[in-house]
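Inside the fold
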Amino acid sequence: MGAKMKIYTFGKKENPAVMLLPGTCCHWKSFEGAIPKLSENFYVLCVSYDGFDETEHSAFVSMQDEAEKIEDWIKENLNGEIRAVYGCSLGGTLAAMLAERGNVRIRHAVIGSSDFDTCGEILARLETKLMVKMIYPLLATGRMHGILGKIMDRKMAGADGYMKSMMKMFGVGSTKMRFVTKESVANQFYSDLVTRLPYKMDTHGTKIYIFYAAKMGKKYLKRYHKYFDSPKIYKDNLRHEELLVCYPDQWVGRVSKIARSK
């Protein structure tokens with residue numbers, strides 16, 4: 001494990017702490033639309049993954065490495081206990097990992113429309129190679145190459161608010177993610193795909209909440225019930241992370257209610 005993880009804090013430290021975990025290839029500022037209101041009543045902690053922070057010279061190694069650094073930070077700064085953790089997409093897998101590992105006390109863990117997709121090492125390497133070829137140009141230049149770039153340009157020309165908000169969350173079209181290396185992108189995709197969590201996992205007293213985006217498909221709802229024993233599920237007729245990127249005030253209201261509960 002390398003250097004300490006960078007975590008950006010907002011609000012008063014004496015307030016209940018809520019940690020925010022970004023999604024795949026996302027900057028911590030993907031939460032910036034929700035931070036001001038959430039920090040009015042909570043001590044908000046935004047995790048900045050290794051390799052995805054422009055102020056550091058680091059590389060993303062693995063999901064386990066990130067989980068260990070998060071645990072170390074909570075132990076050193078919050079006496080090993082935190083009120084709530086919200087994981088966006090890939091961050092939801094990390095939130096589940098933290099609860100299952102049980103090395104820190106988490107009262108509430110919220111899974112934000114995560115897919116929990118996994119596969120074997122060989123397929124994971126093939127999928128990672130393909131995804132890096134597609135995603136890295138978006139981060140480095142703001143657009144895809146070749147025919148994929150032309151297809152994306154056409155789609156974005158007629159895109160709705162959701163698609164544009166998702167692209168903004170990824171930093172597409174801006175300069176904020178152009179420092180990210182292929183190594184970090186590849187390691188993040190691969191590690192996420194090969195990170196397997198047990199079904200009906202023991203969450204060591206952490207209450208689990210799912211923000212289920214129904215437009216993702218029913219198979220994900222079934223998957224959530226396989227991984228967690230009696231999770232509290234919020235069903236929205238929305239797309240992946242649409243509540244966060246398009247309706248941040250509603251997202252803040254729901255997360256706040258969860259974090260205030262016993």
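What you see is a predicted model; the values in this text were computed from it and never measured.

Quick notes on the side chain of S184
- You can see S184 is positioned in helix 7 (residues 182-194).
- Accessibility expressed as a relative area gives 0% for S184, which makes it buried.
- In this structure S184 touches G51, F52, S58, A59 and F60, once residues within four positions along its chain are discounted.

Points about a nonpolar patch on the surface
- A cluster of nonpolar side chains, contributed by I122, L123 and L126, occupies part of the molecular surface with about 330 Å² of accessible area.
- Relative to the assigned elements, L123 resides in helix 4 (residues 121-141).

A look at the sheet that holds strand 1 (residues 6-10)
- Across the sheet, 7 strands lie side by side as 1-3-2-4-5-6-7; this open sheet has mixed pairing. Only two strands of the sheet have a single neighbouring strand rather than two, namely strand 1 and strand 7 (232-236). The sheet shows a mean angle of 20° between the axes of neighbouring strands, direction not considered.
- Relative to strand 3 (residues 43-48), strand 2 (residues 17-21) is paired through 4 bridges, and the arrangement is parallel. Bridge pairing in strand 3 links M19 to L45.

Some details on the packing of helix 2 (residues 63-78) against helix 3 (residues 90-101)
- Two elements in contact, helix 2 and helix 3, have axes separated by 10 Å at closest approach and are oriented at 60°. Both helix 2 and helix 3 take part in a crossing whose hand is right-handed. Contacts between helix 2 and helix 3 pair M63, Q64, E66, A67, E68, I70 and E71 from the former with L90, T93, L94, M97, L98 and R101 from the latter.
- In terms of residue class, the contact of helix 2 with helix 3 is built from 7 nonpolar, 2 polar and 4 charged.

Regarding the nonpolar core
- Core analysis: the biggest nonpolar cluster contains 53 residues, and M19, L21, L45, I70, I82 and F228 have the highest contact counts within it.
- Tallying contributions element by element places helix 3 first for this core, with 7 residues.
- Those residues in contact with L45 that lie beyond four places of it in its chain are I7, Y8, T9, A17, V18, M19, L20, W73, L78 and I82.
- Listed in part, the 30 residues of the second largest apolar core include L38, A84, L238 and V252.

Details of the pattern of salt bridges
- Summed over all chains, the structure comprises 6 salt bridges.
- One salt bridge connects D50 with K69, and the closest N-O pair in it is separated by 2.5 Å. Of the two residues, D50 is situated in the loop between strand 3 and helix 2 and K69 in helix 2; the sequence distance between them amounts to 19 residues. Each member of the pair D50 and K69 is classed as buried.
- If you follow the salt bridges from partner to partner, you end up with D50, D65 and K69 in one network.

About the cut-offs
Residues numbered from 1 in each chain as written. Predicted model: local features only at pLDDT ≥ 70, side-chain atom pairs only at ≥ 80, totals over all residues. Heavy atoms only, no water. Helix = DSSP H or I, 4+ residues; strand = E, 2+ residues; numbered from the N terminus. Buried < 20%, exposed > 50% of the residue type's maximum accessible area, 1.4 Å probe, protein only. Contact = heavy atoms within 4.5 Å. Patch = residues over 30% accessible without salt bridge, like charges linked within 9 Å, V, L, I, M, F, W, Y side chains within 5 Å. Areas by Shrake-Rupley, 256 points an atom, 1.4 Å probe, with all protein chains shown as cover. Salt bridge = Lys/Arg side-chain N within 4 Å of Asp/Glu carboxyl O. Pairing = 2+ DSSP bridges. Axes fitted to C-alpha atoms, helices over the stretch in contact; angles between N-to-C directions. Left-handed = near helix turned anticlockwise from the far one by under 90°. Nonpolar A, V, L, I, M, F, W, Y, C, P; charged D, E, K, R; others polar. Core = buried A, V, L, I, M, F, W, Y, C linked by side-chain atoms within 4.5 Å.

The analysis is restricted to geometry; functional conclusions fall outside its scope.
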